[in-house]
Amino acid sequence: MADRPTTARLVLDQIRYQNKLFWRTPIAAFFTLVFPLMLLFLFTAIFGNEEIEGLGVTTAQFFAPGLAVFAAVSAAYSNIAIGTAFAREDGILKRIRGTPVPPSVYMAGRVGSSVYIGLLAVVVMIGVGIAFYGMELIPRALVAATVTFLVGMLCWASLGFLVAAIAPNGDSTPAITNGTLLPIAFVSDVFIAMTDPPAWMDFVGDFFPLKPFVVAFRDAFDPTLTGPQFHWRELAVMTAWGLVAALLAIRLFKWDPKGDRSRPKARKADEPVKIV
Amino acid sequence: MPVVEVSGLVKRYADVDAVAGVDLTIEPGEVFALLGPNGAGKTTTVEILEGHRDRDGGSVTVLGYDPATGGRELRERIGIVLQESSVEPVLDVREAIDIYGAMYPRRIPTGDLIEMVGLQEKADSRIKTLSGGQRRRLELALGLVGDPDLVFLDEPTTGFDPSARRQAWSVLENLTSLGKTILLTTHYMDEAQHLADRIAVINRGVIIAEGTPDTLGRRGDGETRIEFSLPAGVGIELIPVPEAQRMENGLVRVSTVTPTKTLHELTHWAVAGGLELDRLEITRPSLEDVYLELTDG
């Protein structure tokens, strides 16, 4: 058929649709875009934007990339998990399944939208760092920063779909995403700059895919380093997590609302057919 | 070529056969109602036809495709009207129709659809501000936006009050006049009777009767029922027709296959005796009676 929308067109439409939903959910927009900025203001106000002893970078240089990553991960992981779980509960996924939009296009729309929103969060955070806190862009490391960002986002988007696949209902997903992301963030250089953390904390941080994302991304904005800053080990950790999560999510994912939804039971008497 | 052809369809849940050998044929332009009580297997059957569920046996063809593998091509030609509202409430009506419309190669313009379902006043309102009935009309619009050849309507008026049902019916009649093939599920007899060209009654996973609203069951050649209250001071044995029975509610019921003759005898007898037959009513067995008889014996 001549007017059949191309797959690319469908994906773009889905991204725009998800973006629209994001902007109309102010609480999600606040926690993804504004809250991390507030933390940056807070940290630099508390510690001053001095060089952190033993780390060789300023407070903003340490925290801004980590908070940018944290914001982007919220856009991928939390928003996808919560949004998808509620969309299933509300029968929206079922509706989509009955349209010509292939399931992969719907997923791609969600991922594309989260990458776009995550990118916005990163640009705002790094932009504020450059404008007010003496950070600078390092052109030789921009390619590494971009690759790290994309790999990290795909990894966390897959984890978001996995949470949506296993969550018993929509209401439980914020608890699952916060209950996993926040503790991991505390050992992943997002909220605390530790010069000499205990070994177990390093181990836990290195195991989960958040600290690798933070470290690889932060080093791309560190003016004291040289070279293109590709962190192959960190990229490998995120890729491994992403692949396993994606495979599990595909196996476990359901489109139908879970559980039996009660229906009104009505059996109303028919009117007799009057002849006379 | 039939739009829908189903033969020997089986779906098992655990050890229960939710659908136990259903055969159906729906011709182009036909409004076909699948009528049955809750849990009879109608939603399961329809969801298999829509491609939402896999089947365990039998063959199914929808618009020439097997719905299990029909994918995008099939879904471009069907429209599914869900029983429950399922659109993000933060969108407005026009946006939602535009978003879904953009998925189809053919489409009914958003403005026309909004008019068809009577949502002009709410076109630019957020979906969360819509009443229950308005949401169902939006559902209908979303099911039709791709100008489908076959429309699935799953219990389109469940939970409606009588006036909302009449309203919904007039929208659906509008739809049938467009020549669409429609598969309707319902547990309302009057709805099937009102909207459908052909009705299949399903119970415990099998089709137990099939026909037009007029011929279903014994309805076409069934008996006519004459009812009236027994005049004061008159014993039932005095009534001059042999089929007379006294009912619990004080009425006399006469079931007859020759209503004109029987009625004539009755009224002649009453007039001659100066009696008035209060609450006189003549009815044919309603589809409801046939249905209740079929579904729970």
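Position numbers for residues count from 1 along each chain, tracking the sequence in the order it is written. Throughout, the order in which chains and ligands are written sets their labels, letters from A for the former and numbers from 1 for the latter. Totals for whole chains, interfaces and linings use every residue, but because this is a predicted model, local features are given only for residues with pLDDT of at least 70 and side-chain atom pairs only at 80 or more, for both listing and counting.

(A) Examining the overall build of chain B more closely. Numbering of helices and strands starts at the N terminus; helices are DSSP runs of H or I of at least 4 residues and strands are runs of E of at least 2. Along its length, chain B carries nine helices and 13 strands. Summarising the internal contacts of chain B: among those between residues at least 6 apart in sequence, 68% fall at separations of at least 24. C-beta atoms are first placed from the backbone for all residues, and any pair lying within 7 Å is then listed as a contact.

(B) Here's a closer look at the overall build of chain A. Broken down by element type, chain A carries 10 helices and one strand. With the C-alpha coordinates of chain A rotated into their principal frame, the extents come out at 100 × 45 × 35 Å. For every residue, the other C-beta atoms within 10 Å of its own C-beta are counted; 20 or more classify it as buried, 12 or fewer as exposed, and values in between as partly exposed. C-beta atoms are placed from the backbone. Counting only residues that meet the buried cut, chain A has 43% of its 276 residues in that class. Contacts in chain A between residues far apart in sequence, at least 24 positions, make up 80% of those at least 6 positions apart.

(C) Broad picture of the sheet that holds strand E2 (residues 16-26) of chain B. Residue and element names in this part refer to chain B. The strand order E2-E1-E4 describes an open sheet built from three strands, whose pairing is antiparallel. If you trace the sheet from one side to the other, it starts and ends with E2 and strand E4 (57-62), each paired once. Pairs of neighbouring strands in the sheet enclose a mean axial angle of 25 degrees, with direction left out of account. Whether two strands pair depends on DSSP finding at least two bridges between them. Where strand E1 (residues 4-13) lies against E2, eight bridges are found, and the strand directions are antiparallel. Its bridge partner lying in E2, Arg12 is registered against Asp17. Angular values range over 0 to 180 degrees, each being the angle between N-to-C directions of two axes fitted as lines to C-alpha atoms, with helices fitted over their stretch in contact. Most of the contacts of helix H1 (residues 42-50) go to E1, to which it runs at about 120 degrees, and overall it touches E1, E2 and E4.

(D) Structural view of the environment of B:Glu191. Residue and element names in this part refer to chain B. Structurally, Glu191 can be placed in helix H7 (residues 189-195). Looking at Glu191, the number of C-beta atoms within 10 Å reads 26, which means it is buried. Between the alpha carbons of Glu191 and Thr176 there is a distance of 14 Å; along the sequence they are 15 residues apart. If sequence neighbours within four positions are ignored, Glu191 has contacts with Thr157 and Thr186.

(E) Inspection of helix H3 (residues 93-101) of chain B at higher detail. Residues and elements named next belong to chain B. Among all positions in H3, only Val93, Ala96, Ile97, Tyr100 and Gly101 are buried. Projected down its long axis, H3 carries its buried residues within an arc of 125 degrees, all on one side. At its buried positions, H3 is contacted by helix H4 (110-116) and helix H5 (132-144). Of all possible arcs, the one meant is that of the directions from the helix axis to the C-beta atoms.

(F) Molecular detail of the sheet that holds strand E3 (residues 31-35) of chain B. Residues and elements named next belong to chain B. A sheet is described by the order of its strands in space; here six strands give the open sequence E5-E6-E7-E3-E8-E9, paired in mixed fashion. Every other strand in the sheet has two partners, leaving strand E5 (78-81) and strand E9 (206-211) as the edge strands with one partner each. Looking at each pair of strands side by side, their axes are set apart by 15 degrees on average, direction ignored. By the bridge criterion, five bridges tie E3 to strand E7 (residues 181-186) in an arrangement that is parallel. Pairing of Ala33 across the sheet is with Leu184, part of E7.

(G) Spotlight on the domain arrangement of chain B. All names here are of chain B. Considered domain by domain, chain B is made up of domain 1 (4-211) and domain 2 (219-296). Boundaries between domains were set according to an automatic or database domain assignment. One C-alpha centre belongs to domain 1, the other to domain 2, and the line joining them spans 41 Å. The set of elements that each furnish at least two residues to the side of domain 1 that touches domain 2 consists of H7, strand E8 (198-203) and E9. Polar here means any residue outside two lists: the nonpolar Ala, Val, Leu, Ile, Met, Phe, Trp, Tyr, Cys and Pro, and the charged Asp, Glu, Lys and Arg; Gly therefore counts as polar. A per-class count over the side of domain 1 that touches domain 2 returns six nonpolar, three polar and no charged.

(H) Representation of the packing of H3(B) against H5(B) within the structure. Residues and elements named next belong to chain B. Contact geometry for H3 and H5: axes closest at 9 Å, N-to-C directions at 25 degrees. Taken together, the axes of H3 and H5 lie roughly parallel to each other. When the axes of H3 and H5 are compared, the crossing they make is right-handed. Judged by residue contacts, Val93, Ala96, Ile97 and Tyr100 of H3 engage Leu138, Ala141 and Leu142 from H5. Residue classes in the contact of H3 with H5 are distributed as seven nonpolar, no polar and no charged. Here roughly perpendicular refers to angles of 65 to 115 degrees, roughly parallel to angles under 35, roughly antiparallel to angles over 145, and oblique to all remaining angles. If you view the pair so one helix is near and one far, a crossing is left-handed when the near helix is turned anticlockwise from the far one by less than a right angle, and right-handed when it is turned clockwise.

(I) Quick peek at the packing of helix H2 (residues 26-47) of chain A against helix H3 (residues 59-89) of chain A. Residue and element names in this part refer to chain A. Running from N to C, H2 and H3 point in directions that differ by 160 degrees, and their axes come no closer than 9 Å. In terms of their interaxial angle, H2 and H3 are classed as roughly antiparallel. As H2 packs across H3, the resulting crossing turns out to be right-handed. The segment H2 lies against H3, with Ala28, Phe31, Thr32, Leu33, Pro36, Leu39, Leu40, Phe43, Thr44 and Phe47 engaging Thr59, Ala60, Phe63, Ala64, Leu67, Phe70, Ala71, Ser74, Ala75 and Asn79.

(J) Structural view of the nonpolar core. Counting residues in hydrophobic clusters, the biggest one holds 142 residues, and the most contacted among them are A:Ala68, A:Ala72, A:Val73, B:Ala141 and B:Leu183. Counting residues per element, this core draws most heavily on H3(A), at 19 residues. Each nonpolar core reported here comprises buried Ala, Val, Leu, Ile, Met, Phe, Trp, Tyr and Cys residues connected via C-beta atoms within 7 Å. B:Ile226, B:Phe228, B:Val254 and B:Leu266 belong to the second-largest nonpolar core, a separate cluster that totals seven residues.

(K) Spotlight on the confidence of the model for chain B. Residue and element names in this part refer to chain B. Taken over all residues, the pLDDT of chain B has a mean of 87, while the share at 70 or more is 96%. Between the elements of chain B, mean pLDDT differs from a low of 70, seen in helix H9 (residues 287-296), to a high of 96, seen in H3. In the model output, the complex is listed with pTM 0.82 alongside ipTM 0.84. The pLDDT value expresses, per residue, how confident the predictor is, ranging between 0 and 100.

(L) Inspection of unusual backbone geometry at higher detail. In this model, A:Asp189 sits at a positive phi of 65 degrees, which is unusual for a non-glycine residue. Judged by the 23 C-beta atoms lying within 10 Å of it, A:Asp189 falls in the buried class.

(M) Structural detail: the pairing of strand E6 (residues 150-154) of chain B. Residues and elements named next belong to chain B. Taking burial as the measure, the five residues of E6 include five buried ones, the bulk of the element. Of the pairings in the sheet, the one linking E5 to E6 comprises four bridges and is parallel in character. Looking at E6, one finds that Val81 is bridged to Leu153. Where E6 meets E7, five bridges bridge the pair, whose relative direction is parallel. Bridge pairing links Leu153 to Leu184 in E7. Whether a crossover is right-handed comes down to one check: with the strands pointing away from the viewer, does the path from the first strand over the helix to the second run clockwise; if it does, it is right-handed. The β-α-β motif built from E6, the intervening helix H6 (residues 162-176) and the parallel element E7 has right-handed crossover chirality.

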